[in-house]
Every structure is written in structure tokens, then in C-alpha cells.
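Descriptive structure summary
Given next are the chains, with one letter for each unit.
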Amino acid sequence: FVSTRGQAPLYPPPDFEALHANVAEPRTTTSAELRRAATEEERLKKDIRREREEKREQQRQEATRASSKAVASELGYGTLAGQRRREEEELGRLRGQWKQDAKEKQVEFEAKHAEMQARVAQRPYLFQQASIDVKIVEERQRMYDKVDDTLHKTGLAHLLDYHAE
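In what follows, the accompanying structure is described. (Residues numbered from 1 in each chain as written. Predicted model: local features only at pLDDT ≥ 70, side-chain atom pairs only at ≥ 80, totals over all residues. Heavy atoms only, no water.)

1. A few points about the overall build of the protein chain
As a reminder of what qualifies: Segments assigned H or I by DSSP are reported as helices when at least four residues long, segments assigned E as strands when at least two residues long, and all are numbered from the N terminus. The size measure is the radius of gyration over C-alpha atoms, and the globule rule it meets is 2.2 Å times the number of residues to the 0.38 power. Only protein chains enter the accessibility calculation, which uses a 1.4 Å probe. A residue is then buried if its area is under 20% of the maximum for its type, exposed if over 50%, and partly exposed in between. Calculation of accessible area relied on Shrake-Rupley with a 1.4 Å probe; when residues are assessed, cover is drawn exclusively from the protein chains displayed. In this tally, Asp and Glu contribute negative charge and Lys and Arg positive charge; neither His nor the terminal groups of the chain are included. Positions of charges follow a simple convention, taking NZ of Lys, CZ of Arg, CG of Asp or CD of Glu.
For the protein chain, the helix and strand inventory stands at 4 helices and 0 strands. Sequence-ordered secondary structure for the protein chain, helices as α and strands as β, is α-α-α-α. Compactness check: the protein chain gives a C-alpha radius of gyration of 54 Å against a globular reference of 15 Å for 165 residues, more than 25% above the reference. Across its three principal axes, the protein chain shows a C-alpha extent of roughly 155 × 85 × 35 Å. Residues classed as buried in the protein chain amount to 4% of the 165 residues present. Total accessible area on the protein chain is roughly 16300 Å²; 57% of this is exposed by carbon and sulfur atoms. When the 31 positive and 31 negative side-chain charges of the protein chain are each reduced to one mean point, those points stand 7 Å apart.

2. Concerning the pattern of salt bridges
We count it as follows: The rule for a salt bridge is simple: a side-chain nitrogen of Lys or Arg has to be within 4 Å of a carboxyl oxygen of Asp or Glu.
Summed over the entire model, instances satisfying the criterion amount to 13 salt bridges. The partner of Arg 43 in a salt bridge is Glu 40, and the shortest N-O contact between them spans 2.3 Å. You can see Arg 43 and its partner Glu 40 sitting in helix α2 (residues 30-75), 3 residues apart, about one turn around the helix. In this structure Arg 43 comes out as partly exposed when scored by relative accessible area, which is 41%. For Arg 50, the salt bridge is made with Asp 47, and the minimal N-O distance between the two is 3.7 Å. Of the two residues, Arg 50 and Asp 47 are both situated in helix α2; the distance of 3 residues between them amounts to about one turn of the helix. Judged by relative accessible area, which is 22%, Asp 47 ranks as partly exposed. A single network of salt bridges, built from pairs that share partners, joins Glu 40, Arg 43, Asp 47, Arg 50 and Glu 54.

3. Topic: a nonpolar patch on the surface
Heads up, the rule is: In this analysis, a patch consists of residues with relative accessible area above 30% that form no salt bridge, clustered at 9 Å for like charges and at 5 Å for the nonpolar side chains Val, Leu, Ile, Met, Phe, Trp and Tyr.
On the surface, Val 71, Leu 75 and Tyr 77 cluster together to form a nonpolar patch covering roughly 320 Å² of accessible area. Inspection of the secondary structure assignment puts Val 71 in helix α2.

4. Re α2
Where we set the bar: To estimate how far a helix should reach, multiply one less than its number of residues by 1.5 Å.
Between the first and last C-alpha of α2 there are 67 Å, a value that for 46 residues agrees with the 68 Å anticipated at 1.5 Å per step. Phi turns positive one or two residues past the end of α2, at Gly 76, with a value near 95 degrees.

5. Regarding the environment of Val 23
Assignment of secondary structure puts Val 23 in the loop between α1 (16-20) and α2. The spacing of Val 23 and Glu 54 is 31 residues in sequence and 43 Å in space, taken between C-alpha atoms.

Listed below in C-alpha cells is the structure:
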């Protein structure tokens, strides 16, 4: 153990490249070389199969795109960009119609609101309505009293039940 209190000499780091430059190649056997060659051949075959499958898939996708374009042009859809443009135009038209409908509804609401405010403004306040109700009751009572007076003056008050005594 090196003491933390004592002086430790500084050593340069080892030169790994120089140390490993003269290392002998590992010994191989014929069977190991054959195995390595077989695995390399299998890997190459697998890469070739994968490349062929990718190429076939790419050709299939290109054929699908071409047939889709042909069907779309036959049906009148044209290109995908044209179809998107038409959809955007339709959406723009619908947005304009929605805005117009919203404006019409707003105008209709404002008209109804103004009408409602006019009706409210024409009505008497609650305290005025109460005094009007009192006046109506008083006027009705005055009319009953007038009828009673007329009946008493003419002498017909005894014919009515509510005046019978």
C-alpha cells in the first residue's frame, strides 16, 4: 500500500500500442477457418436475399402507386395534391358558410334582444305596477259602491242576495 503521507513516484502511462504491436496471431484450425467462411457466406446470402426483398417491395409499392394514380385519374380525382386542394377549397367554402350563419344568428339575436329591451322599457317598474294594481282595486270598489248606491236609490237593493239584511 502506498501511504497518502509519503511521496509516490510518478510513472508514465504504459504505451499499449507498442506493447501489442508484436503480438502473434492466434492459431486457427482448418475447421475454424471453414466455420468462419461458412458464416461469412451465410451472412452474404442473407444480405443478398434482403436486398432482393427490398427491391421487390419497392417495385410493388411503385406498381401500387401507379395503379392508384390510374384509378384516381379514371374516377376524376386526379393527383393527391389536386384532391387535397379541392378538399381545402370545400373546407374554406364551409367555413365561409359557417361564418355567414353565425353572423345571421348574431343579427337575429341582436334584433330579438332589442325587441325584448323595448318591451321591458315599456313596462312599468314594480313599484309602479303595485300602485296601478291598487288603483284598479280602488276603481273596482268605487264601481261596486256606485252600483250599490244606484240600487238603494231605486229601491231594488232588497232583490240582491248580498244586500238582503
